[in-house]
Amino acid sequence: MKFTGFLGIMVSSLILFVVYSLTFFSCVSSCDYSCQDKPVITPSRLVVKFGDPASATCVACQQACLPLDESIISMEASLGYPDVNGTKVTWTVDRMTEWKLKPKCYYTTSANVQCCSDLPVTVYKPPENVSFSIIPSEPLTEGTKVTLQCDVLNVVPVANLIVTFYRGQTPLGQVKSNDATKEPVNETFSLSYNTRKEDDGVQFWCEAKLELGAEGPQPPLVVKSEEVNATVYYGPQLKVPADPAPIRITRGEPLHLTCLAEGNPKPQYSWTLPSNKGHRSGTDLKIDSAGVQDRGQYVCTVSNNVNSVIVTFNVTVQENTQPHEVGGTVAAVVLLLIAVAIAVAAALYIFYYKPRKMRENQL
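The rules we used
Residues numbered from 1 in each chain as written. Predicted model: local features only at pLDDT ≥ 70, side-chain atom pairs only at ≥ 80, totals over all residues. Heavy atoms only, no water. Disulfide = S-S within 2.5 Å. Helix = DSSP H or I, 4+ residues; strand = E, 2+ residues; numbered from the N terminus. Buried < 20%, exposed > 50% of the residue type's maximum accessible area, 1.4 Å probe, protein only. Phe/Tyr/Trp six-rings, centres within 6.5 Å; stacked < 30°, edge-to-face > 60°. Lys NZ or Arg CZ within 6 Å of the ring centre and 35° of its normal.

Engineer: How should I be thinking about the state of the cysteines in this particular structure?
Structural biologist: Covalent bonding between the sulfur atoms of two cysteines is what defines a disulfide. Taken as a whole and judged by the stated rule, the model has six disulfides. Covalent S-S linkage joins Cys31 and Cys116, the inter-sulfur distance amounting to 1.7 Å. Negative torsions about the S-S bond denote left-handed disulfides, and the value of about -50° found for Cys31 with Cys116 makes this one left-handed. Linking Cys31 in the loop between helix H1 (5-28) and strand E1 (40-42) with Cys116 in strand E8 (residues 114-118), this pair joins segments that are 85 residues apart in sequence. Across this residue pair, the class does not change: Cys31 and Cys116 are buried. Through a disulfide, Cys259 is tied to Cys300; the S-S separation comes to 2.2 Å. The sign of the S-S torsion, about -85°, decides the handedness of the disulfide formed by Cys259 and Cys300: left-handed. On the criterion of sequence distance, the pair formed by Cys259 in the loop between strand E21 (255-258) and strand E22 (261-264) and Cys300 in strand E26 (residues 296-303) is long-range, its members being 41 residues apart. A relative accessible area of 0% places Cys259 in the buried class.

Shown next, in the form of structure tokens:
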């Protein structure tokens, strides 16, 4: 059948297009990546944020693709467009809207020899949100194992994400993902941790850092979570000896005992006494004037909903012997003075009055 006129031109053009297309796609499917004079793409690796523009330049060959009128030179990709200028191809994307992209720069000679180079492309998106939590939820108890959890929302590539957990400004550990997905994902990262009473009131948090290599943003993109103040319950910690030295006082003297501890929740104090006397106000017990009936053991129990501890005071109340001692001393002094007076009087009589009297009688 013979076609003439405008219809003939259309049919001829369609046949040429089909032949060219079949030749083109058959060549792409048989790319040779080991050819010596292969295309060189700059940059060798492309890192681009989703939604941003991007471009790369390819020098197809040094000699193998010459002369140009006998070769096909281009870059193939599902997005963007190539601009061929001799052996140089510039590939441009106005807005990166695909997650999986593998541009290919190639040349095909008249002998249907095709040589190719691929451009690795990493399309990234920083985390939309990073949140931190402690599992189980607070309040915590000293010495228990908990899970520190960091939830990262809508990030890609998650395999390049490094999550670091912090206690205050001290890093506790890093966690990475094994997910090689090239599209946005939500992922939860976790780290085991043993609580201590020193953690009470401390801020815990996490950060997600997207490490994309030298071709990526510098410094690397970091998104931090909000800080969580930990509440850790722990049993009473005594600030006084649990078994203090025995206490000796004299009847009538005041007695003051102190029982002090810290804990979370705040400890409660209760006292067990040998008698019903005394003023108890939490940490302190006071007896204004102790009697013999107040001797014995005083037990202070300190407790909260975690634990309890006790402090035992052993008190001895002695009789007041001081008045007897003072009376005996005074009597001894009086007797001594009387003896001294008698001795002085005797001496005066013997050595003064008696001789004088004898002289008077002789006269």
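Right, picking up where we left off after that structure.
Engineer: Explain the packing of aromatic side chains to me, please; I cannot follow it from the model alone.
Structural biologist: Any aromatic ring pair is given by two values, namely how distant the centres are and how the planes are angled relative to each other. Across all of its chains, the model carries five aromatic pairs by this definition. When the centroid spacing of 4.2 Å and the interplanar angle of 5° are considered together, the rings of Tyr166 and Trp205 count as stacked. With Tyr166 in strand E13 (residues 161-167) and Trp205 in strand E16 (residues 203-210), this residue pair connects regions lying 39 residues apart in the sequence. The exposure class of Tyr166 is buried, given its relative accessible area of 14%. Residue placement shows Lys197 over the ring face of Tyr234; its charged tip is 5.6 Å from the ring centre.

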